[in-house]
Amino acid sequence: MTNRLFLHGVPDTPAIWGPLIAALGETVAVPCLPGFCGEPPAGFAGTKDAYADWLLALIEAQHAAFGPIDLVGHDWGALLVLRAASLRPELVRSWAIAGAALDADYRGHLIARIWNTPILGELFMALSSQRMMARAFRQSGLPAELAAREAAAWQAPMRRSILALYRSANALRFSGDWIERLANLPRRGLVISGTRDPYMSLDTLSRFAQRHGAQLHVEQDAGHWSIVERPQSIAAALRAHWSDREGR
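All of the points below concern the structure found in this document. Keep in mind that what you see is a predicted model, and the values were worked out from it rather than measured.

1. As for the side chain of Arg83
- With respect to the helices and strands, the residue Arg83 is situated in helix α3 (residues 76-87).
- Classification of Arg83 as buried rests on a relative accessible area of 6%.
- Contacts of Arg83, omitting those with residues within four sequence positions, involve Asp49, Ala52, Leu102, Asp177, Trp178 and Arg181.

Given below as structure tokens:
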């Protein structure tokens, strides 16, 4: 067990962390979002708040065993890490996010808007095969073996879960309590950005880091899955982030 928890995003599974964990050379908790590694628990609502509550329960359990937690999130995992840390900052020693941030001015990317649209989202899911997903992952910088493994999870439970999650978040348009509570974030934060991320710009992530007093780590010419493309560099950034205790 460990006091470090890594949460994947969409449309991924915990396998996405493999290269980074190997570079770190240590054990971390890598839970799977409900619905992304099989059917979600009975009665699970599948909304952004349901996922945040699920994550908080995990953090509370880890905190009871190990004390304050180091959280790391990518994509939707980043959004949920920020939400959990803003709700229960006393449980969190540090947070790090990659490829996404809660920003009131962000209007969502094209695929998010498609998934958010009834009928159109369902049509997208019906026409998207595992072979297509594997090709998309490879084109985004994932090694062929990891791309195939991630694409294999592109099944009915994940597809349904994605639609429910994005529609609960209005295609990644956040406001109200999800934004206002960010004022409670622990001071010790790290924001990771790839300069070629088509879903979340460096400008947006840089603005978020500055607004919340976090360190900014930029990977030149890396895309949305910089955690896979640059595991050694990001592992070094995380080690420095975790060891930096002065004034934080």
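There is more to say after this.
2. A word on the sheet that holds strand β3 (residues 92-98)
- Spatial strand order, β1-β2-β3-β4-β5: 5 strands in an open sheet with parallel pairing. Among the strands making up the open sheet, the edge pair consists of β1 (4-7) and β5 (215-219). The sheet shows a mean angle of 15° between the axes of neighbouring strands, direction not considered.
- One ladder, built from 4 bridges, connects β1 with strand β2 (residues 69-74); its direction is parallel. Bridged to Leu5 within β2 is Leu71.
- In the packing of α3 onto the sheet, the strands contacted are β1, β2 and β3, and the crossing angle to β2 comes to about 145°.
- The sheet strands contacting helix α12 (residues 231-243) are β1, β2, β3, β4 (189-194) and β5, and the helix crosses β3 at an angle near 155°.

3. Points about the packing of aromatic side chains
- Summed over all chains, the structure comprises 11 aromatic pairs.
- Geometrically, the ring pair formed by Phe36 and Tyr51 is edge-to-face, given 6.5 Å between the ring centres and 80° between the ring planes. In this pair, Phe36 sits in the loop between α1 (18-24) and α2 (48-66) while Tyr51 sits in helix α2, placing the two residues 15 residues apart along the sequence. For the pair Phe36 and Tyr51, a shared accessibility class is recorded, and that class is buried.
- Ring geometry for Phe44 against Tyr51: centres 4.8 Å apart, planes inclined by 85°, an arrangement best described as edge-to-face.
- A relative accessible area of 0% means that Tyr51 is categorised as buried.

4. Digging into the environment of Val92
- Mapping Val92 onto the fold places it in strand β3.
- Not counting residues within four places of it along the chain, the set of residues in contact with Val92 comprises Pro68, Ile69, Leu71, Ala85 and Pro186.

5. A word on the packing of α2 against α3
- Put simply, α2 and α3 touch, their axes get as near as 9 Å, and they point 65° apart. It follows that α2 is roughly perpendicular to α3 by the angle criterion. The two elements α2 and α3 cross, and the hand of that crossing is right-handed. Across the interface between the two elements, Lys48, Asp49, Tyr51, Ala52, Leu55, Leu56 and Ile59 from α2 touch Trp76, Leu80, Val81, Arg83, Ala84 and Leu87 from α3.
- Grouping the amino acids of the contact of α2 with α3 by side-chain chemistry returns 10 nonpolar, no polar and 3 charged.

6. Looking at the state of the cysteines
- Under the definition given, this model contains 1 disulfide.
- What pairs with Cys32 in a disulfide is Cys37, and their sulfur atoms sit 2.0 Å apart. Handedness here is read from the sign of the S-S torsion; for Cys32 and Cys37, about 95°, the answer is right-handed.

Calculation criteria
- Sequence positions are assigned chain by chain, starting from 1 and proceeding in written order.
- At least 70 in pLDDT is required for a residue's local features to be given in this predicted model, at least 80 for side-chain atom pairs to be given and counted, and no such filter applies to totals for whole chains, interfaces and linings, which use all residues.
- Neither water nor hydrogens contribute to the side-chain values; these are computed over all heavy atoms in the structure.
- Secondary structure follows DSSP: runs of H or I at least 4 residues long count as helices, runs of E at least 2 residues long count as strands, and numbering of each begins at the N terminus.
- Relative accessible area decides the class of each residue, using a 1.4 Å probe on protein chains only: under 20% of the type maximum gives buried, over 50% gives exposed, and in between gives partly exposed.
- Whether two residues touch is decided by their heavy atoms; if any such pair falls within 4.5 Å, the residues are in contact.
- By definition, two strands form a pair when at least two bridges between them are found by DSSP.
- For helices, the axis comes from a line fit to the C-alpha atoms of the stretch in contact; other axes are also lines fit to C-alpha atoms, and the angle between any two N-to-C directions lies between 0 and 180 degrees.
- Stacked, tilted and edge-to-face are the three classes applied to pairs of Phe, Tyr and Trp rings, where Trp contributes its six-membered ring and a pair requires centres within 6.5 Å; stacked means planes under 30 degrees apart, edge-to-face means over 60, and tilted covers the rest.
- Roughly parallel here means an angle under 35 degrees, roughly antiparallel means over 145, roughly perpendicular means 65 to 115, and every remaining angle is called oblique.
- Put simply, a crossing is left-handed when the front helix is turned counterclockwise from the back one by less than a right angle, and right-handed when it is turned clockwise.
- For this classification, Asp, Glu, Lys and Arg are treated as charged, while Ala, Val, Leu, Ile, Met, Phe, Trp, Tyr, Cys and Pro are nonpolar and the rest, including Gly, are polar.
- Two cysteine sulfur atoms form a disulfide, by the criterion used here, when they sit within 2.5 Å.

Scope: geometric values only; no functional claims are made or implied.
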